[in-house]
Amino acid sequence: MGLTNSLNIGRTGLLTHQTGIEVTGNNLANVATPGFKRQGMELGATGDRRAGHSFVGQGVGINAITRQVSEAVESRLRSAISGQGGSAVLQGRLEQLEALQNELSGNDLSTALDGYFDAWSQLATNPQDPALRGLVVSEGVSLAGFVKDLRAGYGDLETESIGLLGEGIDAANNLLTQIEDVNQAIQSQEGGSGGEASSLRDRRDGLLAELAKYVEISVNELPSGEVDVFVGTLPVILDGKSRGLELRKRTVDGVDISEIVTASDQTVINLTSGELASHLAFANGGLSDATQGLDDLASQLIYQTNRIHSQSQALNPANTYVGSYAVADADAVLTDLDATELPFAAHHGSFQVHLSAGNGSPRQTTAIAIDLDGLGGPGTTLNGLAAQLNAVNGIAATVDATGRLTVAGDTPSAAISFSDDSSGVLAALGIGGFFLGKNAADMAVVDVVANDPTRLAAARGYLSGDNRGALAASNLRDVSLAELSGRSVTQTWTDRVARDAAELSRVRDGRASAATVADNLRAQQQAVSGVNADEETINLLQYQRAYQASARYLTVVDEMLQTLLRVI
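Note that the coordinates shown come from a computational prediction; the quantities given were computed from them, not determined experimentally.

A few words on the overall build of the protein chain. In terms of helices and strands, the protein chain carries 13 helices and 20 strands. For the protein chain, the spread of C-alpha atoms along the three principal axes comes to 150 × 45 × 30 Å. Sorting the 568 residues of the protein chain into buried and exposed places 44% on the buried side. Sequence separation of 24 or more characterises 67% of the internal contacts of the protein chain that already satisfy a separation of 6 or more. Of the roughly 26,300 Å² that the protein chain leaves accessible, carbon and sulfur atoms contribute 50%. When the 39 positive and 67 negative side-chain charges of the protein chain are each reduced to one mean point, those points stand 8 Å apart.

The next thing to look at is the sheet that holds strand E6 (residues 227–231). Taken together, four strands build an open sheet; the order of strands is E5-E6-E7-E8 and the sheet is antiparallel. Each edge of the open sheet is held by one strand with a lone partner, namely strand E5 (218–221) and strand E8 (241–242). By the bridge criterion, three bridges tie E6 to strand E7 (residues 234–238) in an arrangement that is antiparallel. Bridge pairing links Val231 to Leu234 in E7.

With respect to the element layout, Leu540 can be found in helix H13 (residues 533–567). Under the relative-accessibility criterion, Leu540 is labelled partly exposed at 29%. For the pair Leu540 and His17, spaced 523 residues apart in sequence, the C-alpha separation works out to 9.5 Å. If we skip the residues at most four places from it in the chain, Leu540 touches Ile21, Thr24 and Leu28.

Another aspect to go through is the sheet that holds strand E16 (residues 405–409). Here three strands make up an open sheet; going across it, the order is E12-E16-E15 and the pairing antiparallel. The open sheet has two free edges, formed respectively by strand E12 (320–322) and strand E15 (395–399), since each of these has just one partner strand. Averaged over all neighbouring strand pairs, the angle between strand axes comes to 10 degrees, with direction disregarded.

Bringing the packing of helix H2 (residues 71–101) against helix H12 (residues 489–529) into the picture now. At a closest axis distance of 7 Å, the pairing of H2 and H12 adopts a crossing angle of 155 degrees. If you check the angle between H2 and H12, you find them roughly antiparallel. Here H2 runs over H12; the crossing is left-handed. Grouping the constituent residues of the contact of H2 with H12 by class yields 17 nonpolar, nine polar and ten charged.

Confidence in the prediction of the protein chain, expressed as mean pLDDT, is 91, and 98% of residues score 70 or more. Within the protein chain, strand E19 (residues 444–445) carries the highest mean pLDDT (97), whereas strand E2 (residues 48–51) carries the lowest (78).

Turning our eyes to something else, we now look at the pattern of salt bridges. Counted under the stated rule, the structure contains 19 salt bridges. In this structure, the salt-bridge partner of Asp202 is Arg67, at a minimum N-O distance of 2.7 Å. Here Arg67 lies in strand E4 (residues 60–67) and Asp202 lies in helix H5 (residues 198–214), a separation of 135 residues in the sequence. Of the two residues, Asp202 and Arg67, neither departs from the other in class, the shared state being buried. Put simply, Asp114 and Arg477 hold a salt bridge, and the shortest N to O gap is 3.3 Å. Here Arg477 lies in the loop between helix H11 (468–475) and H12 and Asp114 lies in helix H3 (residues 109–125), a separation of 363 residues in the sequence. A relative accessible area of 35% means that Asp114 is categorised as partly exposed. One network of salt bridges, with partners in common, ties together Lys37, Arg67, Asp202 and Asp205.

Bringing the packing of H2 against H5 into the picture now. The geometry of H2 relative to H5 is characterised by a closest axis approach of 7 Å and an angle of 35 degrees between their N-to-C directions. Crossing of H2 against H5: the hand is right-handed. In this structure, H2 contributes Arg78, Ile81, Ser82 and Gly85 to the contact, and H5 contributes Leu208, Ala209, Ala212 and Lys213. Here the contact of H2 with H5 is built from residues that sort into four nonpolar, two polar and two charged.

Let's shift gears to the packing of aromatic side chains. Using the criterion set out here, one finds ten aromatic pairs in the structure. Their ring planes at 85 degrees and their centres at 4.8 Å tell us that Phe434 and Phe435 sit as a pair that is edge-to-face. Aromatic rings pair up to connect Tyr116, Phe117, Trp120, Phe434 and Phe435 into one cluster. Cation over ring: Arg363 sits above Tyr462, and NZ or CZ is 4.0 Å from the ring centre.

Before going further, it helps to spend a moment on the pairing of E2. As paired strands, E2 and strand E3 (residues 54–57) are joined by four bridges and run antiparallel to one another. For Arg50, the partnering residue across the bridge sits in E3 and is Phe55. Where E2 folds back onto E3 in an antiparallel hairpin, the turn is made up of two residues, including Gly52, whose phi is positive at roughly 70 degrees.

By the element assignment, Ser480 lies in the loop between H11 and H12. Apart from residues no more than four positions distant in its own chain, Ser480 is found in contact with Gly486, Arg487 and Ser488. There is a polar contact of 3.3 Å between the side chain of Ser480 and the backbone oxygen of Gly486.

Within H11, burial applies to Gly469, Ala470, Ala473 and Ser474. Each buried residue of H11 lies within a common arc of 135 degrees when the element is viewed along its axis, so the set occupies one face. Looking at the packing, one finds that the buried side of H11 touches H3, helix H6 (275–310) and strand E20 (457–459).

Cut-offs used in this document
Residues numbered from 1 in each chain as written. Predicted model: local features only at pLDDT ≥ 70, side-chain atom pairs only at ≥ 80, totals over all residues. Heavy atoms only, no water. Helix = DSSP H or I, 4+ residues; strand = E, 2+ residues; numbered from the N terminus. Buried < 20%, exposed > 50% of the residue type's maximum accessible area, 1.4 Å probe, protein only. Contact = heavy atoms within 4.5 Å. Areas by Shrake-Rupley, 256 points an atom, 1.4 Å probe, with all protein chains shown as cover. Lys, Arg positive; Asp, Glu negative; His and termini not counted. Charge placed at Lys NZ, Arg CZ, Asp CG, Glu CD. Pairing = 2+ DSSP bridges. Axes fitted to C-alpha atoms, helices over the stretch in contact; angles between N-to-C directions. Parallel < 35°, antiparallel > 145°, perpendicular 65-115°, else oblique. Left-handed = near helix turned anticlockwise from the far one by under 90°. Nonpolar A, V, L, I, M, F, W, Y, C, P; charged D, E, K, R; others polar. pLDDT = per-residue confidence, 0-100. Salt bridge = Lys/Arg side-chain N within 4 Å of Asp/Glu carboxyl O. Phe/Tyr/Trp six-rings, centres within 6.5 Å; stacked < 30°, edge-to-face > 60°. Lys NZ or Arg CZ within 6 Å of the ring centre and 35° of its normal. Polar contact = N/O pair within 3.5 Å; in protein donor to acceptor, adjacent residues only side chain to side chain. Arc of directions from axis to C-beta.

Listed below in C-alpha cells is the structure:
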C-alpha cells in the first residue's frame, strides 16, 4: 500500500505541475492579447491516509483555475468608460454648434446684427437719402438670410445627431445580442461544473466594456454563469436574454423629444452617462435650447421691428396693405392665439389710421380701438377690426379666404398710413411691417420694401426729414424686452454664445477628468488581471522544477519497487 500510494503522490505531482506549466504558458502566450485576464492556479493537498498512529499526505491537487479579476475595478472602469464616451460625444456636438455660430469671425450673427442696427442709425442722419435706405434694406436682407442659414444649420445638426443616435442604438443592440449569445455559450460550457470558461468570460467582459461606451451599465452574475445587465434599475438583459433598445419620438408640450425605450415593452430608459445619453441630451437639451433661443430672438426681432415700422411713415405711403399673417378663426378674439394661430399677440389699446385722397388733400385721421382687456364685451376679432376700418370713409377692409386682412383705399390715389399703435395689432397681423416670418426658419424682408426702399418707414409725425422711426429701429439694439426675459436682442445673443462657450469648456474639462479616471482604472485592472511576463517566467520555472522533482521522485519509487520485486 505504501509504494502504491507513493506512486500516486508522484502522479499527482506530475499532472498538477504539468497543468501549472500549461496555465503559465497560456498566460505568456496571451501577454499582448487585448482583454485577456490572466489565470491563476490554486493548489491544495489532496488529503491524508493513516500510517500507524500518524497520517501521511496523498499528493497535490488543483482546487481551482480562475481568472484574476476584480469585479469592483471592472464595474468602476465600465462607469468611467461611459463617462469618457459621453463627454467625447457631447464635446464633438458642442464644437459643431460653436462652428455653426462662428462667432468672432466677422461672419457671424453678432456682426450681422451690428450691421443691421448700424444701417438704421446711419439712416437716422439723413432719412431721405436713397443710398442709406437701400443700405437698411440690404442689411435687413443679409441679416434675415444669415438667421435662416443658421437655423437650417441647426436643423442639419439635429438630423445628424438623431442619425448618430440611431447608429449608436444599433451598435448597442448588436452588443446586447452578442452578450446574450456568449451568455448561452458560458452556461452550456460550464454546465454547473464550478469551473470558468475563461475565454468566453474574457470575451463577454470585452463586450460589456464596449457596451459601456454607449450606456452606463451595472452587471449581476447569475448562478448559471450568465449575467443580467442593468441601465440604472432597468434591465436590458434579463435572465441572460436581451430586451433590445429602440428610439422613440413623442411630443411634450408642443416640443418634439427623442427617447430610448426597451424594444420588448417600450419602457423608457433614463440614461445618465454614455454616448447615447449625450446624443439625447444634446438633441433634446443643448441643441433644442439653442434652436428655441434663436427662434425666440428672431421672432422678437421681427415683431419689434414691425411694430416700429408699421406706425412710422414712408416716403411713398401705400394704397393697399395685406396682412402677412393669416388668422385661422376670424371670429376669435385676437388674444386667443390657440384659435387665431397668430405668431404674435395683440394687446388692449388703439391705433390711428390716416387717409389722404391724394392731390394735396389733407389727411383724415381716425382712431381704431382694440378692445382686448376682457372687460365688458367679447373683445376685438379680425372680422370686428375689419368692420371698424370699413366704417372709415374712403377705406375698404376685407378678410380673405385665407384669413388675411386687406386694407385699401377706395380710389387708386388714396394713401393710407398708421401711427400711435399701442396695441401692437398691426405688427401682430403683419400690416405695414418690415420683416416677414414667424421665427428664424422663415425670416425675410417684406417684398414691397425690398423692391422699393421708398416704402421704408423711417419718419414719425408726418414731418419732412423726420428720423424718429429710424432712431426707434436703431435703438432696438439695446432695448430690454420682456419677451426676452428683460434682455435686448443683442444681449440675448451674446448671452447665448457665452453660455454655449462655457458649456463647451465644462465638457472639455469633464472629458479630460474622465480620461484620467479611466486611465487610472485601466492601470488598476492591468495590475490585477494583466500578464506580467517576469512573474509568469518565475512561475514557469517553479512548475518546471516541481515537475522535475515529481519525475525524480517517481524514478526513486520505481527503483524501490524493482528492488522489492527482486527480493520477492
